[in-house]
Amino acid sequence: EVPKESWEFIQSRREPVTLPEEPFAWDASYTAVADPTQQPRGILTLLEKVSADFAHMESDTAAQEASDKEIFDEDMKNCDVERARRSKESEVKDHERKRQLEKQASFEKERKGVKGELEATQQYFSDLQPACVTGDSTYEDRKAARSKEVDALKEAQGLLQNAFEDNATKTAQEPAEGSALKFLGRRTLRTA
């Protein structure tokens, strides 16, 4: 046998309890279940009230659950719509971002080209400054010199045309050897 501590509950064999002939708590007869259907505070009345309360609570809970289910379904539908909207919005913004980055790259490339053109134009402008703006000649002087140059070029063009025409007529009249000798003779005279 296992030894027991003093604080443990030990059932032991004792003598049966003996009650007096009329115990002090039994001075009246028990009337609670005398007529179980017609009693105001009996156990059946209590059970009927508990059953009615339970049925009421069950119907309220079922109605609340149905209402909560409808609200939950509506919230989930709204969440799905919102998720789809945000997903589409994210996709649109991603495309817009890519388009803007491409546009930015295009503008940067164009800017580099324009910057190069600007630098070339500024260099050309600075190169023209001494000759055109701060030069020692005036516009009229340059215009007169240009017209003299144009006249001289026209005169040279006329001389060259006449020289080739005269040369063509002389070669037709003279033999080829004589013209070659004349040409070489002219060349020797020019170099001397």
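For every chain, the first residue of the written sequence is number 1, and numbering continues from 1 along that sequence. Only residues with pLDDT of at least 70 are given local features in this predicted model, and only at 80 or more are side-chain atom pairs given and counted; all residues enter the totals for whole chains, interfaces and linings. To get the side-chain values, all heavy atoms of the structure are used, and hydrogens and water are removed first.

Within the protein chain one finds 3 helices and 0 strands. Strands here mean DSSP runs of E at least two residues long; helices mean DSSP runs of H or I at least four residues long; both are numbered from the N terminus. Listing each helix as α and each strand as β along the protein chain from the N terminus yields α-α-α. Any residue under 20% of the maximum accessible area for its type is buried, any over 50% is exposed, and the rest in between are partly exposed; the area is computed with a 1.4 Å probe on protein chains only. Sorting the 192 residues of the protein chain into buried and exposed places 2% on the buried side.

Right, let's get into the pattern of salt bridges. In a structure, side chains of opposite charge can pair up when their charged atoms sit close to one another. Salt-bridge detection follows one rule: a side-chain nitrogen of Lys or Arg within 4 Å of a carboxyl oxygen of Asp or Glu. Counted according to the given criterion, the structure contains 10 salt bridges. In this structure, the salt-bridge partner of Lys-93 is Glu-89, at a minimum N-O distance of 3.2 Å. Here the residue Lys-93 and the residue Glu-89 both occupy positions in helix 1 (residues 43–133), the gap between them amounting to 4 residues, near one helical turn. The class of Lys-93 is exposed, set by a relative accessible area of 53%.

Here the focus is a nonpolar patch on the surface. Each patch is built from salt-bridge-free residues with over 30% relative accessible area, joining like charges within 9 Å and nonpolar side chains (Val, Leu, Ile, Met, Phe, Trp, Tyr) within 5 Å. Throughout, the Shrake-Rupley method with a 1.4 Å probe supplies accessible areas, and for residues the shown protein chains are the sole cover considered. There is a patch of nonpolar side chains on the surface, built from Ile-43, Leu-44, Leu-46, Leu-47 and Val-50 and spanning about 450 Å² of accessible area. Relative to the helices and strands, Leu-46 is located in helix 1.

Let's shift gears to the confidence of the model for the protein chain. As a per-residue measure, pLDDT reflects the predictor's confidence and takes values from 0 up to 100. Looking at the protein chain, the pLDDT average stands at 79 and 68% of residues meet or exceed 70. Between the elements of the protein chain, mean pLDDT differs from a low of 52, seen in helix 3 (residues 176–191), to a high of 92, seen in helix 1.

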